[in-house]
Amino acid sequence: AQSVTQPDIHITVSEGASLELRCNYSYGATPYLFWYVQSPGQGLQLLLKYFSGDTLVQGIKGFEAEFKRSQSSFNLRKPSVHWSDAAEYFCAVATTSGTYKYIFGTGTRLKVLA
Amino acid sequence: KAGVTQTPRYLIKTRGQQVTLSCSPISGHRSVSWYQQTPGQGLQFLFEYFSETQRNKGNFPGRFSGRQFSNSRSEMNVSTLELGDSALYLCASSLITDTQYFGPGTRLTVL
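Throughout this description, residue numbers start from 1 for each chain and increase along the sequence as written. Chains carry letters from A onward and ligands carry numbers from 1 onward, assigned in written order. Per-residue local features of the predicted model are confined to residues with pLDDT of at least 70, and side-chain atom pairs are confined, for both listing and counting, to 80 or more; whole-chain, interface and lining totals are unaffected and use all residues. The side-chain values count all of the structure's non-hydrogen atoms but skip hydrogen atoms and water molecules.

A. Main features of the overall build of chain A. For the purposes of this entry, the term helix denotes a DSSP run of H or I that reaches at least four residues, the term strand denotes a run of E that reaches at least two, and both are numbered from the N terminus. Helix and strand counts for chain A stand at zero helices and twelve strands. Taken from the N to the C terminus, the helices and strands of chain A come in the order β-β-β-β-β-β-β-β-β-β-β-β. Radius of gyration here uses only the C-alpha atoms, and the compact-globule reference equals 2.2 Å multiplied by the residue count raised to the power 0.38. For chain A, whose C-alpha radius of gyration is 14 Å, the value lies close to the compact-globule estimate of 13 Å for 114 residues. Overall, chain A is about 45 × 30 × 20 Å in size when its C-alpha atoms are taken along their principal axes. Exposure classes here rest on a 1.4 Å probe applied to the protein chains alone. A residue is buried below 20% of its type maximum, exposed above 50%, and partly exposed in between. Sorting the 114 residues of chain A into buried and exposed places 46% on the buried side. Of the roughly 5,400 Å² of accessible surface on chain A, 49% is carried by carbon and sulfur atoms. Two residue types count as positive, namely Lys and Arg, and two as negative, namely Asp and Glu; His and chain ends fall outside the count. We put the charge of a Lys on NZ, of an Arg on CZ, of an Asp on CG and of a Glu on CD. Counting 10 positive and 8 negative side-chain charges, chain A places the averaged centre of each group 6 Å from the other. With residues, only the protein chains shown are counted as cover, and all accessible areas are computed by Shrake-Rupley using a 1.4 Å probe.

In structure tokens:
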């Protein structure tokens, strides 16, 4: 069965430090991959997506993610975190064969220290 | 282009009542999906509608139902509300089957 794992429930970083949020998926084919961010009480905002092509994708707010097929991973990175990046981050996989389905990870809550 | 809108944003109901939530997708988008988000269960898929037909369904009881109109607007209904139905209900739209764009959600509190 398809699944998405975000191993870190909480991450705390200092403002200005680099950030990497992990995401691993289980799916037989190459899925569509997404990262979303959610501020408290709000909906999810799309940060970036990967469908095919260059495995390093750039998103909004200075985020990037790298698809590694051999590791079934799609980790999110940012070189320098800002206090406004504090939020919850969700990795998602969309299946590309059969019935189209979106599967979300359980989220990683990011805290930024001033 | 306007984003996904959901109404109402907040709702308080009592056990046993029923509720209807509304979602207007981005103009031109034909697929609308609904999710329930709770602290304990995370984001759980309810169902997806495409061109007025339910195309996918999650693992929720029959008390949860939905529909989509010819203008792609969608409603979801929950009958006989239970305390455990308190959650943020999120709607997402997509053009066909690719990127989902989310609305701000409806916060439902069941007392």
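Read on for the rest.
B. Spotlight on the packing of aromatic side chains. Stacked, tilted and edge-to-face pairs are distinguished by plane angle, under 30 degrees for stacked and over 60 for edge-to-face with tilted covering the rest, among Phe, Tyr and Trp rings (Trp via its six-membered ring) whose centres lie within 6.5 Å. Considering all chains together, one arrives at 18 aromatic pairs over all chains under this definition. On the basis of an interplanar angle of 75° and a centroid distance of 5.9 Å, the ring pair of Phe104 of chain A and Phe102 of chain B is categorised as edge-to-face. Taken as a pair, Phe104 of chain A in strand S11 (residues 102-104) and Phe102 of chain B in strand S10 (residues 101-102) lie in two separate chains rather than in one. Ring pairs connect the aromatic residues Tyr32, Phe34, Tyr36, Phe51, Tyr102 and Phe104 of chain A together with Tyr35, Phe45 and Phe102 of chain B, which therefore count as one cluster. Geometrically, a charge over a ring is one whose NZ (Lys) or CZ (Arg) sits within 6 Å of the ring centre while staying within 35 degrees of the ring normal. Here Arg55 of chain B stacks its cationic end above the ring of Phe50 of chain B, 4.3 Å away from the centre of that ring.

Interpretation in functional terms is not warranted from these geometric data alone.
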